[in-house]
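Take a look at the letters that make up each chain.
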Amino acid sequence: MRKDGAPPTAAVNPVAKIFLCFETKSFLVTLLALTLVTLVWNLQPYYQTILSTTSRCSAVESLPIKSASSIVGAGGVAPLTEKKLVSSPPADPNKRIFQSFGSAAALFVQMGAYRGGPTTFAVVGLASKPLHVFGRPWYKCEWIPNNGNSSIRSKAYKILPDWGYGRVYTVVVVNCTFTENPNADNSGGKLMVYAYYGESPRKYEKFTALEEAAGSYDESKYAPPYKYEYLYCGSSLYGNLSAARMREWVAYHAWFFGASSHFVFHDAGGVSAEVKAVLEPWIRAGRVTLQDIRAQAEFDGYYYNQFLVVNDCLHRHRHSANWTFYFDVDEYIYIPDGDSLESVLHDFSNNTQFTIEQNAISSVLCLNDSTQDYSRQWGFEKMVFRDSRTKIRRDRKYAIQARNAYATGVHMSENVVGGTLHDTESRIRYYHYHSTITVHEELCRNMLPMSAKKATTYLDKIPYVYDDNMKKLAPTVKKFERDTIGVGSQRRLLLLHS
């Protein structure tokens, strides 16, 4: 007798279970949709080829597209028409097609942008050197006010201040000067820069170089009195720098320039933990600023982008001090006895800049004086033999009244308003301890007898004479360091010499 209920037991088919949960039609539709999605995904790399085969009868055309690129440091992107070559074969088999992929160098790499006065701005950066050597790129500036008024435009003036030393990139200073103060009502606004690839005004990039918040403009910043009397703009610090030598350099020049001075260093990879420890007390005292510029390594310019760094420092601190000095951390500025830095600069003040001649010091010669413990002495205290050659051209460094300069270089500026003074040897010089800044071992490697103090010593056919001008200053500088950054810091730093 048959009874309604469960069917007889049998082996359960998994597929049957699925069909029990879903209707057959719904399952087939889902499966078909997944198959189509997979097919379209796998055909994506061939999309352009499929399109090109559908237009074999059409002529090769340039397709306008929107630029998806952006300038380093930019705040916006301008519409840019580019040519996109279609891969369909030309009617003439001898007509060749050139296809480009990627770009070798940026149109512009911004490091900084600064207001230089009521009507002028400077945008400092890098640009493709071949483009500037063989092409004619140009720039235009636009101020867009926050108050809703119409924007103000001005054609920019570009300066290439690296004397042709650039590599893949060259330094560009873009000067934007307007006929009037674009933010006279202090409502704020932004400075836009248009960077053009060539003579054509149709192909360009547009980016925000600088923004001023409402109420931030202060005209008193651009006129004396300035915050400092003297400012040091350091070049790129790189390599395995000696913390001991850096300690000596900072202490000496903090004493030499006095309390109304400030030092700006740029770390391009040379500021190790030990060097940072040396700088920290001076940073806390407000005497030193340390900028991290290690990202510059991505852009191949001259010598760790030295020209870029000095120009950025020039414009960043254009109205920070009366005089800005440019020299290296193995060089020491010196004023002969009986004179002072103040009197020298007062006499030079009718010039925008003046250059300083080098006193080259041997980096290996020392006096064999048994009364001296050279392992405890500072570098400039024991390196006392000066190159005495005459009638040769020596390197020069310089100081400049930055407010009168549009751009600058490593050894002097060629873009200034005002005169340049070179005949300064009797008033100011600098001692150069070449190749000592990266020596971590004892500097004294060639010991000379005491008689060398009154004789001329030849090393590698170069004459050297005894010169203890800097040695005499060591006790004063050491006392100044103790008094300025404290006995505790002094003791910690002394460990660098042990």
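Preceding this paragraph is the structure being described.
For clarity, every value in this text was computed on a predicted model and none was experimentally measured.

> Kindly report on the packing of helix α5 (residues 243–257) against helix α10 (residues 474–485), identifying the contributing residues and their values.
At a minimum axis distance of 9 Å, the contact between α5 and α10 shows a crossing angle of 90°. Put simply, α5 runs roughly perpendicular to α10. Contacts from Arg 247, Ala 251, Tyr 252, Ala 254 and Trp 255 in α5 reach Thr 476, Val 477, Phe 480 and Glu 481 in α10. Across the contact of α5 with α10, the residue classes tally to six nonpolar, one polar and two charged.

> Which residues make up the pairing of strand β12 (residues 321–326), and what are the values?
Each regular strand shows side chains that alternate between the opposite faces of the sheet. Most of β12 sits inside the fold, with six of its six residues counted as buried. Here four bridges tie strand β9 (residues 228–237) to β12, and the two strands are oriented parallel to one another. Bridging from a neighbouring strand, Tyr 228 pairs with Ala 321 of β12. Looking at chain direction, β12 and strand β17 (residues 396–400) are connected through three bridges and run antiparallel. Across the sheet, Tyr 326 pairs through a bridge with Tyr 398, a residue of β17.

> Quick one: what's the story with the state of the cysteines, residue by residue and with numbers?
Within this structure, the stated rule accounts for three disulfides. Disulfide pairing is shown between Cys 141 and Cys 176; the S-S distance is 1.9 Å. Negative torsions about the S-S bond denote left-handed disulfides, and the value of about -60° found for Cys 141 with Cys 176 makes this one left-handed. With Cys 141 in strand β3 (residues 138–145) and Cys 176 in strand β6 (residues 169–177), the pair connects residues that are 35 residues apart, well separated along the chain. Relative accessible area serves as the criterion here: at 0%, Cys 176 is assigned to the buried category. The disulfide partner of Cys 366 is Cys 444, and the gap between their sulfur atoms is 2.0 Å. As the torsion about the S-S bond is roughly -75°, the Cys 366-Cys 444 disulfide counts as left-handed. Note that Cys 366 is positioned in strand β15 (residues 365–367) and Cys 444 in the loop between β21 (429–432) and β22 (446–448), a separation of 78 residues in sequence. The exposure class assigned to Cys 366 is buried, which follows from its relative accessible area of 0%. With its disulfide-bonded cysteines labelled consecutively along the sequence, the chain is connected as 1-2, 3-4, 5-6.

> Give me the pattern of salt bridges: which residues, what numbers.
Tallying each qualifying case throughout the model produces 23 salt bridges. A salt bridge links Arg 396 to Glu 357; the nearest nitrogen and oxygen atoms lie 3.3 Å apart. Of this pair, Arg 396 sits in strand β17 while Glu 357 sits in strand β14 (residues 351–360), and the two are 39 residues apart along the sequence. Accessibility assignment for this pair places Arg 396 and Glu 357 in one class, buried. Of the charged contacts in the structure, one is a salt bridge between Arg 386 and Asp 467, with a shortest N-O distance of 2.8 Å. One end of the pair, Arg 386, is in strand β16 (residues 385–387); the other, Asp 467, is in the loop between β24 (462–466) and α10, and 81 residues separate them in sequence.

> Could you give an account of the nonpolar core, with specific residues and numbers?
Across soluble globular proteins, nonpolar side chains have a tendency to be buried as a group. Phe 265 and Phe 325 are the most contacted members of the largest nonpolar core, which totals 66 residues. Residues contacting Phe 265, with those up to four places away along its chain left out, are Tyr 232, Leu 237, Met 246, Trp 249, Val 250, Leu 279, Val 288, Thr 289, Leu 290, Gln 291 and Val 329. Ranked by size, the runner-up nonpolar core spans 20 residues in total, among them Phe 121, Tyr 139, Val 193 and Ala 195.

> Give a detailed account of the sheet that holds strand β8 (residues 204–212), specifying residues and quantitative values.
With antiparallel pairing, the four strands of this open sheet are ordered in space as β4-β3-β7-β8. The two strands at the open ends of the sheet, each matched to only one other strand, are β4 (152–155) and β8. The sheet shows a mean angle of 20° between the axes of neighbouring strands, taken without regard to direction. The sheet contact formed by β3 and strand β7 (residues 189–196) spans eight bridges and is antiparallel. Across the sheet, the residue bridging to Tyr 139 is Ala 195, located in β7.

> Residue-level account of the packing of aromatic side chains, with values.
What the rule picks out here adds up to 42 aromatic pairs. Aromatic side chains Trp 138 and Tyr 196 sit 3.8 Å apart centroid to centroid with 5° between the ring planes, which places their arrangement in the stacked category. Note that Trp 138 is positioned in strand β3 and Tyr 196 in strand β7, a separation of 58 residues in sequence. Between the aromatic rings of Tyr 169 and Phe 299, the centroid separation amounts to 5.6 Å while the plane-to-plane angle is 85°, which identifies the pairing as edge-to-face. Residue Tyr 169 is located in strand β6, and its partner Phe 299 is located in the loop between β11 (288–292) and α7 (306–316); the two are separated by 130 residues in the primary sequence. The same class applies to Tyr 169 as to Phe 299, namely buried. Here the guanidinium or amino end of Lys 140 rests over the ring plane of Tyr 194, the centre of that ring lying 5.1 Å away. Here Lys 155 stacks its cationic end above the ring of Trp 138, 5.6 Å away from the centre of that ring.

Parameters at a glance
Residues numbered from 1 in each chain as written. Predicted model: local features only at pLDDT ≥ 70, side-chain atom pairs only at ≥ 80, totals over all residues. Heavy atoms only, no water. Axes fitted to C-alpha atoms, helices over the stretch in contact; angles between N-to-C directions. Helix = DSSP H or I, 4+ residues; strand = E, 2+ residues; numbered from the N terminus. Parallel < 35°, antiparallel > 145°, perpendicular 65-115°, else oblique. Contact = heavy atoms within 4.5 Å. Nonpolar A, V, L, I, M, F, W, Y, C, P; charged D, E, K, R; others polar. Buried < 20%, exposed > 50% of the residue type's maximum accessible area, 1.4 Å probe, protein only. Pairing = 2+ DSSP bridges. Disulfide = S-S within 2.5 Å. Salt bridge = Lys/Arg side-chain N within 4 Å of Asp/Glu carboxyl O. Core = buried A, V, L, I, M, F, W, Y, C linked by side-chain atoms within 4.5 Å. Phe/Tyr/Trp six-rings, centres within 6.5 Å; stacked < 30°, edge-to-face > 60°. Lys NZ or Arg CZ within 6 Å of the ring centre and 35° of its normal.

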